[in-house]
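Fold and contact review
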Amino acid sequence: MARSRYKSLVDAFAADIRAGRLSPGTRLPTHRELATNEGLALATATRVYAELEAMGLVSGEAGRGTFVRETSLPPGLGIDQHAVASGVLDLNFNYPSLPGQAELLRGALRQLASSGDLEALLRYQPHGGRKHERASVARHLHCRGLSIGEEQVLIVSGAQHGLAVTVMGLLRPGDVVATDALTYPGFKVLADTQRLELAPIPSAGYEPDLDALARLCKSRRVRAVYTMPTLHNPLGWVTSENWRQRLVTIAREHDLLIIEDAAYAFLAEDVPAPLAALAPERTVYVTGLSKSVATGLRVGFVAAPSRWVPAIERSIRATIWNTPGVMTAIACNWLDDGTVSRLEDEKRQDAANRQSMAKATLTDLQYIGHPTSYFLWLPLGEEVRADQVATALMREHVSVSTAQPYATSVYVPHAIRLALGSLELDALQVALNTVKRVVDAHSY
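Residues numbered from 1 in each chain as written. Predicted model: local features only at pLDDT ≥ 70, side-chain atom pairs only at ≥ 80, totals over all residues. Heavy atoms only, no water.

A few words on the overall build of the protein chain. In terms of regular secondary structure, the protein chain is built from 15 helices and 17 strands. Taking 2.2 N^0.38 as the reference for a compact globule, 444 residues should give roughly 22 Å; the C-alpha atoms of the protein chain span a radius of gyration of 24 Å, in line with that estimate. Taking contacts inside the protein chain between residues at least 6 apart in sequence as the whole, the part at least 24 apart equals 72%. Computing the positive centroid from 45 side-chain charges and the negative centroid from 46, the protein chain places the two 5 Å apart. (Helix = DSSP H or I, 4+ residues; strand = E, 2+ residues; numbered from the N terminus. Rg over C-alpha atoms; globule rule 2.2 N^0.38 Å. Contact = heavy atoms within 4.5 Å. Lys, Arg positive; Asp, Glu negative; His and termini not counted. Charge placed at Lys NZ, Arg CZ, Asp CG, Glu CD.)

All right, on to the packing of helix 4 (residues 101–113) against helix 12 (residues 325–337) then. Two elements in contact, helix 4 and helix 12, have axes whose closest approach is 10 Å; the angle formed by their N-to-C orientations is 110°. Comparing their axes, helix 12 and helix 4 come out roughly perpendicular. Of the residues in helix 12, those in contact with Leu104, Leu105, Ala108, Leu109 and Leu112 of helix 4 are Val326, Ala329, Ile330, Asn333 and Trp334. (Axes fitted to C-alpha atoms, helices over the stretch in contact; angles between N-to-C directions. Parallel < 35°, antiparallel > 145°, perpendicular 65-115°, else oblique.)

A word on the sheet that holds strand 16 (residues 401–402). The sheet built from four strands is open, its strands ordered 13-14-17-16 with antiparallel pairing. Unpaired on one side and paired on the other, strand 13 (368–369) and strand 16 mark the two borders of the sheet. Pairing between strand 13 and strand 14 (residues 375–379): two bridges, direction antiparallel. Across the sheet, Gly369 pairs through a bridge with Leu376, a residue of strand 14. (Pairing = 2+ DSSP bridges.)

This part takes up the sheet that holds strand 9 (residues 222–227). The seven strands lie next to each other as 4-12-11-10-9-5-6, forming an open sheet whose pairing is mixed. Sheet topology places strand 4 (153–156) and strand 6 (197–201) at the edges, where each strand pairs with a single neighbour. Each neighbouring strand pair of the sheet contributes to a mean axis angle of 20°, computed without reference to strand direction. Along the sheet, helix 7 (residues 185–193) makes contact with strand 5 (176–180), strand 6, strand 9 and strand 10 (257–261), crossing strand 6 at roughly 145°.

Once that is clear, we can look at a nonpolar patch on the surface. Among the surface-exposed residues, Leu105, Leu109 and Val326 lie close enough to one another that they form a single nonpolar patch of about 220 Å² accessible area. In this fold, Val326 is placed in helix 12. The exposure class assigned to Val326 is partly exposed, which follows from its relative accessible area of 37%. (Patch = residues over 30% accessible without salt bridge, like charges linked within 9 Å, V, L, I, M, F, W, Y side chains within 5 Å. Areas by Shrake-Rupley, 256 points an atom, 1.4 Å probe, with all protein chains shown as cover. Salt bridge = Lys/Arg side-chain N within 4 Å of Asp/Glu carboxyl O. Buried < 20%, exposed > 50% of the residue type's maximum accessible area, 1.4 Å probe, protein only.)

In this section: the nonpolar core. Counting 29 residues, the largest nonpolar core has Leu171, Val177, Phe187, Leu257, Ile259, Val284 and Val302 as the members making the most contacts within it. Per-element accounting of this core gives the leading share, six residues, to helix 6 (residues 159–170). Those residues in contact with Ile259 that lie beyond four places of it in its chain are Leu163, Thr166, Val167, Leu171, Phe187, Val225, Tyr226, Thr227 and Val284. Of all hydrophobic cores here, the second largest spans 28 residues; its members include Leu289, Val293, Cys332 and Trp334. (Core = buried A, V, L, I, M, F, W, Y, C linked by side-chain atoms within 4.5 Å.)

Turning next to the packing of aromatic side chains. Using the criterion set out here, one finds five aromatic pairs in the structure. Taking 5.2 Å as the distance between ring centres and 40° as the angle between the ring planes, the aromatic pair formed by Tyr124 and Trp321 counts as tilted. Taken together, the residues Tyr124 in the loop between helix 4 and helix 5 (131–142) and Trp321 in the loop between helix 11 (309–319) and helix 12 connect sequence positions 197 residues apart. Under the relative-accessibility criterion, Trp321 is labelled partly exposed at 30%. Ring geometry for Trp377 versus Tyr406: centroids 5.9 Å apart, planes at 80°, classification edge-to-face. Here Trp377 is found in strand 14, whereas its partner Tyr406 is found in the loop between strand 16 and strand 17 (415–419), with 29 residues between them in sequence. (Phe/Tyr/Trp six-rings, centres within 6.5 Å; stacked < 30°, edge-to-face > 60°.)

Helix length check: helix 12 (13 residues) gives 18 Å between terminal C-alpha atoms against 18 Å at 1.5 Å per residue, within 8%. Where helix 12 is buried, its residues contact helix 4, helix 5, strand 4, strand 12 (300–303) and helix 13 (339–361). Where helix 12 ends, the next residue or the one after it, Gly338, has phi of about 90°, a positive value. (Expected span 1.5 Å × (residues − 1).)

The subject of this paragraph is the pairing of strand 9. Strand 9 sits mainly inside the fold: five of its six residues count as buried. Two elements, strand 5 and strand 9, share three bridges in a ladder whose sense is parallel. Following the sheet pairing, Val177 is matched in strand 9 by Ala224. The pairing of strand 9 with strand 10 spans four bridges and is classified as parallel. Each residue of the ladder has a partner; that of Ala224, found in strand 10, is Leu257.

Tallying each qualifying case throughout the model produces 19 salt bridges. A salt bridge links Asp16 to Arg21; the shortest N-O distance between them is 2.8 Å. Given a relative accessible area of 25%, Asp16 falls into the partly exposed group. Overall, the relative accessible area of 57% leaves Arg21 in the exposed class.

This is how it looks when you write it as structure tokens:
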């Protein structure tokens with residue numbers, strides 16, 4: 001009988017939510033109130049809400065209660081919905097491109113076609129890249145503060161693939177990985193696929209809370225820490241030198257593997273040394289050319305301690321064998337002739353212009369961002385719900401991400417992330433005006 005009552009309550013709530021009788025944002029009775037009203041045990045009332053949350057119909061928020069979710073919002077908004085409908089202004093994904101890049105590609109293909117090495121590109125390559133190509137990457141990473149030889153470099157199919165082969169090669173299912181309470185969604189997907197346990201680290205001001213990390217390491221067997229010290233996605237942090245030094249101290253004390261994600265690091269200048277330079281014996285540094293050059297150029301780089309290179313190479317072999325020779329050759333030619341450095345300079349300026357536009361438009365809104373970043377983080381007011389704002393923006397043909405894809409903790413803040421790098425400037429201005437108007441309308 002109790003089972004039947006429990007299921008009938010779940011079905012009744014679900015029907016009311018789907019039919020709109022319980023509108024998005026409605027605060028439901030507390031667990032105790034539901035138990036009293038329906039004559040249930042408290043544990044049974046908790047199961048009702050847990051099942052509704054698993055169905056994506058409600059969200060439980062610590063200290064606030066249980067709320068009806070906006071069910072018209074596309075599932076996985078912020079990571080899975082890459083295909084943006086025609087006419088929608090995309091502030092969800094970043095794929096920054098500059099005028100003239102297509103001509104650069106045409107020129108690179110012509111140059112490659114006339115080279116004497118073309119036939120070699122049709123054959124299998126070494127798993128981590130050819131020696132001269134790895135040397136090109138090592139010289140490029142020297143400009144990022146890394147003093148490494150080509151034997152420590154592996155060429156992969158983008159930074160996401162670099163993270164994947166690092167995890168596959170060096171971690172095992174069940175390993176605990178410390179990461180920020182808000183972190184890159186692609187790493188969350190990877191952790192779920194590889195059955196890693198993510199342990200969220202809260203923020204302390206504008207940096208992750210290392211006291212919390214130290215306490216975690218004393219209470220759990222933490223195997224690794226995943227971090228973005230230079231231009232954190234989505235918060236735009238650049239952590240201080242003192243923070244980096246202390247993280248290294250904690251990592252050495254507890255024998256942690258450090259996975260340093262530097263996908264956006266090229267956008268920030270005059271920053272402290274990367275963790276891979278401070279703790280070269282335990283840090284894997286991952287970056288790529290998707291943001292600095294083009295998302296379609298799926299070439300990334302992993303720099304690792306020599307003892308870990310064979311394990312990562314095996315993961316490359318298990319996934320793609322080697323990066324496509326043609327794309328790798330183009331990428332390394334652009335590293336050598338200065339094209340990548342020039343594009344990085346131009347994109348820093350482009351990102352700064354877009355941040356200036358956002359600052360001028362989003363007046364009175366307290367957002368978080370870096371002055372040369374391609375994204376910003378917009379926390380919403382105490383009573384404003386992110387799913388409702390995102391849905392209202394979608395009705396206005398503007399796509400944004402909520403905090404849900406970025407959250408690793410139970411608590412999911414009400415905030416939206418705005419990707420600034422994909423639209424032409426005129427369209428970006430229209431989208432930002434719409435964001436300001438919609439957020440203001442939901443704040444009163």
